[in-house]
Number of protein chains: 2
Amino acid sequence: MRSSAHAVISRESSPKIVTIAEKVPPGPSKSTLADVIFGRRLATAEEDEQKIGPVAGVPVLGLDALSSAAYGPEAALTLLLPLGALGLSYIVPLSGIIVAVLLVVYFSYRQTIAAYPNGGGSYTVAKENLGQGAALVAGAALALDYVLNVAVGISAGVGALVSAVPALLPHTLLLCLAILVLLTLVNLRGTRESGLTFLLPTYLFVASLAGILVYGGLRVFAAGGHPVPVEASPVLPVSTETVSLWLVVRAFASGCTAMTGVEAVSNGVPLFRRPTIPNAQRTLTVIIAILVGLLGGIALLARAYGIGATPPGEHGYQSVLSQLACAVIGRGPLYYITMGSVVAVLALSANTSFADFPRLCRVLALDRFLPDTFATRGRRLVFSYGVVVLAVVSGFLLVAFGGVTDRLIPLFAIGAFLAFTISQAGMVAHWRRAGGTGARRSLWINALGATATGITLVVVIVSKFADGAWIAVVVVPLAVFAFARIHRHYRYVGNEVKESRPLDLSRAASPLVVVPVQAWNKLTSRGLRFAIELSPDVRALHIVTQETEDGAPCELARTWETLVVDPARAAGLKAPRLVVRKSTFRQFFAPLIEYIEQLRDEHPDRDVVVIVPDLVVRRWYHALLHNNRGIILKGLLRLRGGPRVVVVNTPFYLT
Amino acid sequence: MRSSAHAVISRESSPKIVTIAEKVPPGPSKSTLADVIFGRRLATAEEDEQKIGPVAGVPVLGLDALSSAAYGPEAALTLLLPLGALGLSYIVPLSGIIVAVLLVVYFSYRQTIAAYPNGGGSYTVAKENLGQGAALVAGAALALDYVLNVAVGISAGVGALVSAVPALLPHTLLLCLAILVLLTLVNLRGTRESGLTFLLPTYLFVASLAGILVYGGLRVFAAGGHPVPVEASPVLPVSTETVSLWLVVRAFASGCTAMTGVEAVSNGVPLFRRPTIPNAQRTLTVIIAILVGLLGGIALLARAYGIGATPPGEHGYQSVLSQLACAVIGRGPLYYITMGSVVAVLALSANTSFADFPRLCRVLALDRFLPDTFATRGRRLVFSYGVVVLAVVSGFLLVAFGGVTDRLIPLFAIGAFLAFTISQAGMVAHWRRAGGTGARRSLWINALGATATGITLVVVIVSKFADGAWIAVVVVPLAVFAFARIHRHYRYVGNEVKESRPLDLSRAASPLVVVPVQAWNKLTSRGLRFAIELSPDVRALHIVTQETEDGAPCELARTWETLVVDPARAAGLKAPRLVVRKSTFRQFFAPLIEYIEQLRDEHPDRDVVVIVPDLVVRRWYHALLHNNRGIILKGLLRLRGGPRVVVVNTPFYLT
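Residues numbered from 1 in each chain as written. Chains lettered and ligands numbered in written order. Predicted model: local features only at pLDDT ≥ 70, side-chain atom pairs only at ≥ 80, totals over all residues. Heavy atoms only, no water.

Caption draft 1: Representation of the overall build of chain A. Helix and strand content of chain A: 22 helices and six strands. Scaling as 2.2 N^0.38, a compact globule of 655 residues should have a C-alpha radius of gyration of about 26 Å, whereas chain A reaches 34 Å, well beyond that. If one aligns the C-alpha atoms of chain A with their principal axes, the spans along those axes are about 115 × 60 × 55 Å. Counting across all 655 residues of chain A, residues that qualify as buried make up 57%. As presented, chain A carries roughly 27400 Å² of accessible surface, and 65% of it is formed by carbon and sulfur atoms. Averaging the coordinates of the 57 positive side-chain charges in chain A and doing the same for the 39 negative ones gives two points 4 Å apart. (Helix = DSSP H or I, 4+ residues; strand = E, 2+ residues; numbered from the N terminus. Rg over C-alpha atoms; globule rule 2.2 N^0.38 Å. Buried < 20%, exposed > 50% of the residue type's maximum accessible area, 1.4 Å probe, protein only. Areas by Shrake-Rupley, 256 points an atom, 1.4 Å probe, with all protein chains shown as cover. Lys, Arg positive; Asp, Glu negative; His and termini not counted. Charge placed at Lys NZ, Arg CZ, Asp CG, Glu CD.)

Caption draft 2: How the structure looks around the relation of the copies chain A and chain B. When chain A is fitted to chain B, the best match, at an RMSD of 0.1 Å, comes from turning it 180° and sliding it 0.0 Å along the axis. When the rotation and shift are considered jointly, the pair of chain copies conforms to a two-fold rotation axis. When the interface residues of chain A are mapped onto chain B, 100% of them are again interface residues, pointing to one common binding face. (Least-squares fit on C-alpha atoms with pLDDT ≥ 70 in both. Contact = heavy atoms within 4.5 Å.)

Caption draft 3: Just the pattern of salt bridges, in detail. Residue and element names in this part refer to chain A. Under the definition given, this model contains 32 salt bridges over all chains. Between Arg 581 and Glu 594 there is a salt bridge whose closest N-O contact spans 2.6 Å. Separated by 13 residues along the polypeptide, Arg 581 in strand 4 (residues 577-582) and Glu 594 in helix 21 (residues 589-602) bring together distant segments of the chain. Note on Arg 581: relative accessible area 4%, which makes it buried. With its nearest N and O atoms 3.1 Å apart, the salt bridge here joins Arg 640 to Glu 597. A residue pair is termed long-range when its members are at least 10 positions apart, and Arg 640 in helix 22 (residues 629-640) and Glu 597 in helix 21 qualify at 43 residues. The class of Arg 640 is partly exposed, set by a relative accessible area of 45%. Within the structure, one salt-bridge network assembled from shared partners comprises Asp 537, Lys 574 and Arg 606. (Salt bridge = Lys/Arg side-chain N within 4 Å of Asp/Glu carboxyl O.)

Caption draft 4: Inspection of the interface of chain A and chain B at higher detail. Each partner contributes to the interface: chain A provides 123 residues, whereas chain B provides 123 residues. Taking both partners together, chain A and chain B bury about 10900 Å²; carbon and sulfur atoms supply 57% of that area. Contact with chain B buries area across many residues of chain A, yet A:Lys16, A:Leu503 and A:Arg586 alone supply 8% of it, more than any other trio. Where chain A touches chain B, the interface holds four salt bridges. On the surface where chain A and chain B come into contact, there are 29 residue pairs in polar contact (both at pLDDT 80 or more). (Buried area = accessible area lost by both parts, 1.4 Å probe. Polar contact = N/O pair within 3.5 Å; in protein donor to acceptor, adjacent residues only side chain to side chain.)

Caption draft 5: The arrangement of the side chain of B:Asn279 in detail. Residue and element names in this part refer to chain B. Note on placement: Asn 279 falls in helix 13 (residues 276-305). Side-chain polar atoms of Asn 279 contact the backbone oxygen of Arg 273, separated by 2.8 Å. Contact partners of Asn 279, with chain neighbours within four places excluded, come to Pro 54, Phe 272, Arg 273 and Arg 274.

So this is what it looks like as structure tokens:
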């Protein structure tokens, strides 16, 4: 280094590594508005207190799955409508198959939880066992599923509400967005908070439906299989079609939407308190047990009471659950409580997405397929950026579809079943590799699951292709492409900035400093003083854009000696050199940049620092009255200066 | 200064003031697209070649005044309509009075040109003689007049065109904007260019109208005062009102719009080549002579041929000039040439504003009532900023009024007559102060002018108040208020940055440099190297947002010795200190700023430099993938750092 002065003047002899303490405000801090809305800031060490057990786990991760009971059987029954009363005889075996697949999926995900306790679900399983490509497909499918689940869940809940209270119909979109804001805020306050907030509606839903199913079952038993409904259901239409395999397969595929949401627990394992794996497994067991009970009970009672679907969107439509409740207990207060809890659970089923989507994005961000920010915890330790992005994207969908998202349902099922299938297939590969006792049995369970969900996926894609399923076929590859491009960019940047060698100071030298000066004022004097503090080689560049009379030297040149050179000499410092350059075409930037480029090229070993004094104005519109040359110059030098040219703005504050 | 090293290491002994030559490209430079559109760049020294004489001066500064002949007499005749054929007997005496006032104004402005050869017209005259307040009122009035003149002139021309060719009616706005763009481009190419471009239509207009008037006059003479029209004019309506003083006064006020534009030459004196004053006076004389001839001829022939106005906006409307041309020469080719030149001159009358508005803004900017930029010459030596602002504001008016700006005409006359009156009053004060021979006569001329234009102003305001004149009464004071606020801001900033003392280096010291470091990479290494080049006191600040396992020291702390301390010692330099600070709440900026503030407060004499390595990405959307901490940090430190904290972004270019 040309200047060896630095070591001389510093008299402090200090340790080279210092750890300084955090400033802790004395006493309890005052609550800010942000504290009230988002909850008080949580320290990283408080993470364990935010974790949840099975009781809160069901509302956090189970709402998506449980709410399926409200539309899965109905979806199957709707497809059986053309068969008339005959269709009812298929609902029990179909539900049996769905429950069987559900159990296979259950055992399969139990195994996944134990094998991959760090969460990430399908993405992680696929990455470990099938490779990054399959993992990205699973990630894209899951992300699509989560986003659509928010839009579809909220609009299904609001749809049920407005069909019960038609006066609210004009406010559909507003209600949807209000629920979205509620979910977003609660989830920004933390996972635990959302579990506690949604505890009541969840268990009310489970208790009231279970009550109706058990009471209805007892009445069926008491009546010897032919109960008299308290309120009769609509008569089923006469048969218009004969049964066909394709019809039954499609009814099965529709009924399978009852399984969406089952993967949620395996994706969110790190949310659970210790012992993590048993807690997560217990939660999954509770969810599946409730779901199986509800699905089985609904199928059996629908059969016993002769309840089928009513044509959706037509006059006289009544949901299967509503018919069932009417038949078993009549339209009393209990009926309204039950239906209210159904509406709430549908609307809140989006909560599962809010728990899992940010975690999925975090895993993708850690693997550098998404921006870093997704892996940053916010003030309440949740991955706030993912929560906000989920809210914005699904809010956009709600607005675009005016709050009625029926047409998105096929897309939603595709995302879920694609992720299921990849995950199960990954587990098959996992067990094949793992080997040993039990692995064989586990392998077969997962293979069965993969086959079942794979078939369902194909059926859903084929039967719903024209209805919008093609969008998923386009969106998933696009998302995978975007992930890959992001990853490529990060890898490229990572390689570019990677540094394995230690600091290289062999050619370190004081920089050449350039200060553009146009007149003598406090900004100029501040800039020059700072320049002199940085380096002994300071050049003040004066661009003459206006011709002075008869070629007389400009004001600045006349006073330079007195104003700058003398004080510098008096302080024992090298005086800055004034460089005067005429600009025939009245340009300011072109000659300045030319000079800086020339200086840079003449001194290939040294950095060039350009100091631009910067007037800090008090009001933004004051900036309109100043020329903002600093900003323009900085932009131009970023484009043309290259890595050795550094622009420094010295602030000058107006008092 | 603590470091006295700088003077030691520099071995160059160079003059303290250097003038460097401009890089002149060898041979003629290639034409760029900008050269083709705006013309080649002009050097400041080429200014004289851009100046104009009387021949080009008439199209540049006279179009506004000359085009008045096309609507002034018509405006007066329209008001006389209720008198029927009787009204015609008033047009000759009224035109006589108008011509008399015009001559008073002419002599008055001749004197102004001689007294104020630097231009600025009413503003300068008022400033010198009546004080800054009156000058700002005159400036605001003129600015309003110029802006409205562009909108009104273009839309009048296009209006005449579409009434001749009704197929163009739907394209009114588009035609207006096309002419505006043409005028803007030609004027950005320079004043001389606009004079040459608009020479032909101007002199065609003068020649054809003069021809008609002279030929018509001869025929009147030959017919003994009762000529037979080639094509008969519409019969005048029967009288519906009796003559009243108020009617005559209003007709006079409307006819006075024929005088707008007369001040243009006195505002644009510096545009003329030497001898400047005679050239400007000669131009004014030519313009006034033509205008007087046209006004007088139109009045006399209208009387002789019995031509009155037709009700505007009604079926069968025909302009007075068109009737006159028909009566004298019939609807032959010459008629169409004449009317074409009338249309062109109306549309191009806006050119006067383009010559004068930028000069007015320049004078206001030099007095610091408008931003500096208005005083900067563009590539063709015109004050381009003023040209562009004029085009944008009048374009906005054209769009807002859909290209039909009749309702703006009263406002436009108010601006002009307010400026006239203030200017004349200023000249009265000028002559009173000057004294001496001739001053008395000059004083009376200007006093007469001030009285005449003042009365006209009052008549226009009163008679047109409800029709929109009130807007001018609101806009002018608002503009004056804005000028005053801008001035106050500049004066305040000027006082704040004013520096009379020489450079103060008594407390100059190497700055304290802070480099936020999060990992070891090329960005970090670049930032540290630059920091070490700037100062011996470098602190690398590491904010730990993620807790490492069991409180183990972070990667950076473990390798600091090897990567940084050893190389620095080997180079004989003081090693940067690594400061590690835990962030319990995972914040990055808060602890960083806290540390910088603390450092600043502990060292009240020293500057604090914060170095933020900055990744320069190739595509703007890549910025979405990076955290852009540099920008956020810079903003925060601008708000909280104060004048001694300087942020430096060291660029790192991706190759």
